[in-house]
Amino acid sequence: MSDVFLNVVPIFVLILLGWLIVRMNYLKAAVGDGLGDFVFRVAVPVLLFRTIAEADFRDGSPWPLWVAYFSGVAVTWTLGHLAATLFFKKDARVGVLAGVSSAFANTVFIGLPLVSSSVGEEGVVALSILLSVHLPVMMITGTILMERAERKTSGKPGQSPLRLLKGILRNLVRNPLVIGLVLGALFHLIGVPLGGPVKIVVDQLAGVAAPAALISIGMALDKYGLAGNTGLASITSALKLIVLPAAVYGACQLLGLNSHWTAALVLTSSVPTGVNAWLIANHFNVGHGLASSTITLTTALGVVSVSAWAYLLL
């Protein structure tokens, strides 16, 4: 239990510190936005680049890892959608957002620091393999489903699937995380070793990624808060913190993943809802309160649920 305390609690202490910095007006929220941009555009891409460039992929095919994680996502997303549309009688658009809020983990800003401190390098390799497809799969699925839900709700013609897909792919190609992963893969395939001053700079930037990410997400929390739909948000929060990691754990056991990869996937799935849920809500102008409340609740309760999953796994 002491190991769990040392690995998990500091993650949420840094998030709390970021929140207090803004809440007590020590720094402005805009500073957190700038820090978050630095993490997303520089520090984490460099960390992913280094991880993939220096990784040992002896554990074999990534397909069981992807299938295990996204099986859990599919189950949880479906339950969130059904809870919103059948139990709370919301329209299809809110149903999609409930699914996103239930199943879209904050893999980069919280998952990476957690897996790095709790599981180690093998866990970071597993998470990097997941991240290589996580953002494209989740954003493409969420955007296409929301587009269909909008057409169903409003009756207006939507974008053609081809045009929609082109727009999503264009954004993904420019995404710094994708660029970092691709460059890391190229270095790994070519066999170019990292050394000298380049290695030192890469290591220093990668080392900044975890604490900066956690403080920045804490600084961003103040603008979310409990903004409505707390009943449904309580359901999506429970799905995110309990059902998703349980489903991912079951899939890992069925597919025979090793203990390090299982721990990395389950811990990643157990972290709070990512800000992508808010971005989708903002883009389609629906469900802001649900996304905001789910992010806040899962972050506030995450220290308990993540500690419990870490205790069971490690």
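In this text the structure is predicted, and so the values were computed from the model without any measurement. (Residues numbered from 1 in each chain as written. Predicted model: local features only at pLDDT ≥ 70, side-chain atom pairs only at ≥ 80, totals over all residues. Heavy atoms only, no water.)

(A) How the structure looks around the nonpolar core. Ranked by internal contacts, the top residues of the largest apolar core, which has 91 residues, are Val-44, Leu-65, Tyr-69, Phe-70, Val-73, Leu-112 and Leu-265. A per-element tally of this core places helix H6 (residues 121-154) first, with 14 residues. Judged by nonpolar contacts, the second largest core, of five residues, contains Val-46, Phe-49, Ala-53 and Leu-194. (Core = buried A, V, L, I, M, F, W, Y, C linked by side-chain atoms within 4.5 Å. Buried < 20%, exposed > 50% of the residue type's maximum accessible area, 1.4 Å probe, protein only. Helix = DSSP H or I, 4+ residues; strand = E, 2+ residues; numbered from the N terminus.)

(B) Spotlight on the side chain of Thr-298. Here Thr-298 shows up in helix H13 (residues 288-313). We classify Thr-298 as buried; its relative accessible area is 0%. In terms of polar contacts, Thr-298 uses its side chain to reach the backbone amide nitrogen of Thr-273, at 3.2 Å. A polar atom in the side chain of Thr-298 sits 3.2 Å from the backbone oxygen of Ile-295. (Polar contact = N/O pair within 3.5 Å; in protein donor to acceptor, adjacent residues only side chain to side chain.)

(C) Expanded view of unusual backbone geometry. With a phi angle near 60°, Lys-89 is a residue other than glycine that sits in the positive phi range. Assessed through its relative accessible area of 66%, Lys-89 is described here as exposed. Here the phi dihedral of Asn-285 falls at roughly 55°; this positive angle occurs in a residue that is not glycine. You can see Asn-285 is positioned in the loop between helix H12 (276-284) and H13.

(D) Representation of a positive patch on the surface in the model. Judged by side-chain charge, Arg-163, Lys-166, Arg-170 and Arg-174 come together as a positively charged surface patch. Summarising the element assignment, Arg-170 is placed in helix H7 (residues 161-173). Residue classification places Arg-170 among the partly exposed positions, given a relative accessible area of 44%. (Patch = residues over 30% accessible without salt bridge, like charges linked within 9 Å, V, L, I, M, F, W, Y side chains within 5 Å. Areas by Shrake-Rupley, 256 points an atom, 1.4 Å probe, with all protein chains shown as cover. Salt bridge = Lys/Arg side-chain N within 4 Å of Asp/Glu carboxyl O. Lys, Arg positive; Asp, Glu negative; His and termini not counted. Charge placed at Lys NZ, Arg CZ, Asp CG, Glu CD.)

(E) View of the packing of helix H2 (residues 29-53) against helix H9 (residues 196-221). Between H2 and H9, whose axes approach to 7 Å, the crossing angle comes to 140°. The angle between H2 and H9 falls in the class oblique. Both H2 and H9 take part in a crossing whose hand is left-handed. When its residues are assigned to classes, the contact of H2 with H9 shows 19 nonpolar, three polar and three charged. (Axes fitted to C-alpha atoms, helices over the stretch in contact; angles between N-to-C directions. Parallel < 35°, antiparallel > 145°, perpendicular 65-115°, else oblique. Left-handed = near helix turned anticlockwise from the far one by under 90°. Nonpolar A, V, L, I, M, F, W, Y, C, P; charged D, E, K, R; others polar.)

(F) Just a nonpolar patch on the surface, in detail. Residues Ile-179, Val-182, Leu-183, Leu-186, Leu-189, Ile-190 and Val-192 make up a contiguous nonpolar surface patch of roughly 650 Å² in combined accessible area. Within the element layout of this structure, Leu-186 appears in helix H8 (residues 176-190).

(G) Broad picture of the pattern of salt bridges. For the coordinates displayed, the defined rule picks out four salt bridges. Residues Lys-199 and Glu-54 are paired through a salt bridge, measuring 2.7 Å at the closest nitrogen-oxygen approach. Of this pair, Lys-199 sits in helix H9 while Glu-54 sits in the loop between H2 and helix H3 (63-87), and the two are 145 residues apart along the sequence. Look at Lys-199 and you get partly exposed, because its relative accessible area is 22%.

(H) Here's a closer look at the packing of H3 against helix H11 (residues 259-270). Two elements in contact, H3 and H11, have axes whose closest approach is 11 Å; the angle formed by their N-to-C orientations is 30°. Here H3 lies roughly parallel to H11, going by the angle between them. Considering the relative orientation of H3 and H11, their crossing is right-handed. Facing Leu-65, Ala-68 and Tyr-69 of H3, the residues of H11 in contact are Trp-261, Leu-265, Thr-268 and Ser-269. A per-class count over the contact of H3 with H11 returns five nonpolar, two polar and no charged. (Contact = heavy atoms within 4.5 Å.)

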